[in-house]
Amino acid sequence: MWGMIATWRMAHDGVLAAKELLEGQASCKDAVETAIKAVEDYPFYKSVGYGGLPNERGIVEMDAAFMDGETFKIGAVAGITDVANPISVARQLSDEKFNSFRVGQGATEYAMLAGFERKNMLTDRAKKIWEKRLAEIAASNLDPYDGHDTVGVVALDTQQQMAVGTSSSGLFMKKQGRVGDSPLSGSGFYVDSTIGGAAATGLGEDLMKGCLSYEIVRLMGEGLSPQAACDRAVYGFEERLRKRYGKAGAFSLIALDKNGVWGVATNVEFTFSVATADQEAAIYMANPGPDQTTVITPITQEWLDAYEARIKAPV
Ligand code: GLY
């Protein structure tokens, strides 16, 4: 058995490339890196890698993480700049016994010294969107923050090993040095090859209050199906957060178990991509349903066309 699940429609082309690898018996680690690099490289995705929207100073600061579910090795970067593929840096860092989570200048310097591709990650389009938002904020004092679309990928290979990765340019207009959940173990991602893995997307500040990726893996370890684990962790936490913190940002979680069975839960409209040995690669849409359940439907061509038009619309 092999399988892969990834957050958002934006991950689908990467999933298609990674699926070829998994079918050819490649490692889940290569599959995760391949899928995420495809998202990082595509200039029209505004929340990951090249083309990602910058912080309030106009700098694209990126977060990424990589975890090997066999050994529990983790590598992560936060606030890294001018590097084409933060996921590859995170993966390499996962082999370091010490200093495996680097931030800011230390992360960027590590990547440069290790020979990773240097790249100005601010596209003209992202710069224009940033300038426009600065003007809007000055004119109307609006809150610049919203949910966030991280790419998160969980993969299972034919050797029955698992890996997970995340990559994000973080909240648009974030303060310099702000870090979300994506590089944080347990919050943005977690995987154990003997159980399964999970990854998160959404408002990092709220996701890290619940350590939801770890919680989903823990629940799967207790015998819940991936879907039941996602539903219980996500909707249970949302309820507790609303009661005790007063509100809950947008968040969505994906999970895959060691048998290639998957699940998702979300408190907003959420798209995701799946491919397994038993299931054709496809994009689905998830929405919160009644009684703490998730309603999952195939994506429509109409939605895909509107999405394509929206991400490429003139600024
Ligand atoms: N979930 C990504 C972030 O909040 O930065």
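Preceding this paragraph is the structure being described.
No experiment lies behind these values; they were computed from the predicted model shown. (Residues numbered from 1 in each chain as written. Predicted model: local features only at pLDDT ≥ 70, side-chain atom pairs only at ≥ 80, totals over all residues. Heavy atoms only, no water.)

Caption draft 1: Layout of the packing of helix H1 (residues 12-23) against helix H2 (residues 28-41). Viewed as axis vectors pointing N to C, H1 and H2 meet at an angle of 160°, and their least axial separation amounts to 8 Å. On the basis of the axis angle, H1 is roughly antiparallel to H2. Judged by the twist between their axes, the crossing of H1 over H2 is right-handed. Touching Gly 14, Val 15, Ala 17, Ala 18, Leu 21 and Leu 22 of H1 are Cys 28, Asp 30, Ala 31, Thr 34, Ala 35 and Ala 38, all from H2. (Axes fitted to C-alpha atoms, helices over the stretch in contact; angles between N-to-C directions. Helix = DSSP H or I, 4+ residues; strand = E, 2+ residues; numbered from the N terminus. Parallel < 35°, antiparallel > 145°, perpendicular 65-115°, else oblique. Left-handed = near helix turned anticlockwise from the far one by under 90°. Contact = heavy atoms within 4.5 Å.)

Caption draft 2: Molecular detail of helix H4 (residues 104-113). By the burial criterion, the buried members of H4 are Ala 107, Thr 108, Tyr 110 and Ala 111. All buried residues of H4 fall inside an arc of 160° around its axis, so they share one side. Relative to its buried face, H4 has exposed residues pointing more than 90 degrees away, namely Gln 105 and Leu 113. Considering only its buried residues, H4 is in contact with strand E3 (74-80), helix H3 (86-93) and strand E4 (101-103). Once H4 ends, the next one or two residues include Gly 115, with phi positive near 85°. (Buried < 20%, exposed > 50% of the residue type's maximum accessible area, 1.4 Å probe, protein only. Arc of directions from axis to C-beta.)

Caption draft 3: Summary view of the sheet that holds strand E9 (residues 251-257). Here four strands make up an open sheet; going across it, the order is E7-E8-E9-E10 and the pairing antiparallel. With partners counted over all chains shown, the strands left at the sheet margins are strand E7 (189-192) and strand E10 (262-266), one partner each. Shown here is a sheet whose adjacent strand axes are inclined to one another by a mean of 10°, direction ignored. Alignment of E9 against E10, held across five bridges, turns out to be antiparallel. Bridging across to E10, Ser 252 finds its partner in Thr 266. Contacting E9 and E10, helix H8 (residues 226-245) crosses the sheet at an angle of about 15° to E10. (Pairing = 2+ DSSP bridges.)

Caption draft 4: Molecular detail of the site of the ligand. Surveying the vicinity of the ligand reveals the residues His 148, Thr 150, Ser 168, Gly 170, Arg 178, Gly 180, Asp 181, Ser 182, Gly 202, Leu 203 and Gly 204. A distance of 3.1 Å is found between a nitrogen atom of the ligand and a side-chain nitrogen or oxygen belonging to Thr 150. With respect to the ligand, the side chain of Arg 178 contributes an N or O atom lying 2.6 Å from an oxygen atom. Out of a free accessible area of 200 Å², the ligand has 100% covered by protein chains. Its atoms largely coinciding with the cavity grid, the ligand occupies the largest cavity. Among the residues making up the shell around the ligand, the classes are represented as one nonpolar, eight polar and two charged. (Near = heavy atom within 4 Å. Polar contact = N/O pair within 3.5 Å; in protein donor to acceptor, adjacent residues only side chain to side chain. Areas by Shrake-Rupley, 256 points an atom, 1.4 Å probe, with all protein chains shown as cover. 1 Å grid on protein atoms, 1.4 Å probe; cavity = no way out; pocket = protein on both sides within 12 Å on 5 of 7 lines; lining within 4 Å. Sits in = over half its atoms within 2 Å of the grid points. Nonpolar A, V, L, I, M, F, W, Y, C, P; charged D, E, K, R; others polar.)

Caption draft 5: Representation of the nonpolar core in the model. Counting residues in each nonpolar core, the largest one holds 95 residues, and the members touching the most others are Met 4, Ile 5, Val 89, Ile 216 and Phe 272. Among the elements that take part in this core, H8 stands out by supplying seven residues, more than any other. (Core = buried A, V, L, I, M, F, W, Y, C linked by side-chain atoms within 4.5 Å.)

Caption draft 6: Region of the structure containing the pairing of strand E12 (residues 279-288). Pairing analysis gives six bridges linking strand E11 (residues 270-276) to E12, with the strands arranged antiparallel. Its bridge partner lying in E12, Phe 270 is registered against Ala 286. Hairpin connection of E11 to E12: two residues between the antiparallel strands. Bridge count for E12 against strand E13 (residues 294-298) is five bridges, and the pairing is antiparallel. Counted as the bridge partner of Ala 286 is Ile 296 from E13. Linking two consecutive strands that pair antiparallel, namely E12 and E13, is a turn of five residues; a positive phi of about 50° is found at Asp 291 within it.

Caption draft 7: The arrangement of the packing of aromatic side chains in detail. Under the criterion given, the structure shown has 10 aromatic pairs. Between Trp 303 and Tyr 307, the aromatic rings sit 5.2 Å apart at their centres with planes inclined by 15°, giving stacked as the arrangement. In this pair, Trp 303 and Tyr 307 both sit in helix H9 (residues 301-311), four residues apart, roughly one turn of the helix. Among the aromatic residues, those joined into a cluster by ring pairs are Trp 8, Trp 262, Phe 270, Phe 272 and Tyr 284. Here the basic side chain of Lys 119 rests over the ring of Tyr 50, its NZ or CZ set 4.2 Å away from the ring centre. When the ring centre of Phe 44 is taken as reference, the NZ or CZ atom of Lys 312 above it lies at 5.4 Å. (Phe/Tyr/Trp six-rings, centres within 6.5 Å; stacked < 30°, edge-to-face > 60°. Lys NZ or Arg CZ within 6 Å of the ring centre and 35° of its normal.)

Caption draft 8: Examining the packing of H2 against H3 more closely. It is the contact of H2 with H3, at a shortest axis distance of 8 Å, that shows an interaxial angle of 155°. Accordingly, the angle class assigned to the pair H2 and H3 is roughly antiparallel. On H3, the residues touching Lys 29, Asp 30, Glu 33, Ile 36, Lys 37 and Glu 40 of H2 are Pro 86, Ile 87, Ser 88 and Arg 91. A breakdown of the residues in the contact of H2 with H3 according to their chemical character gives three nonpolar, one polar and six charged.

Distances and angles like these do not, on their own, reveal function.
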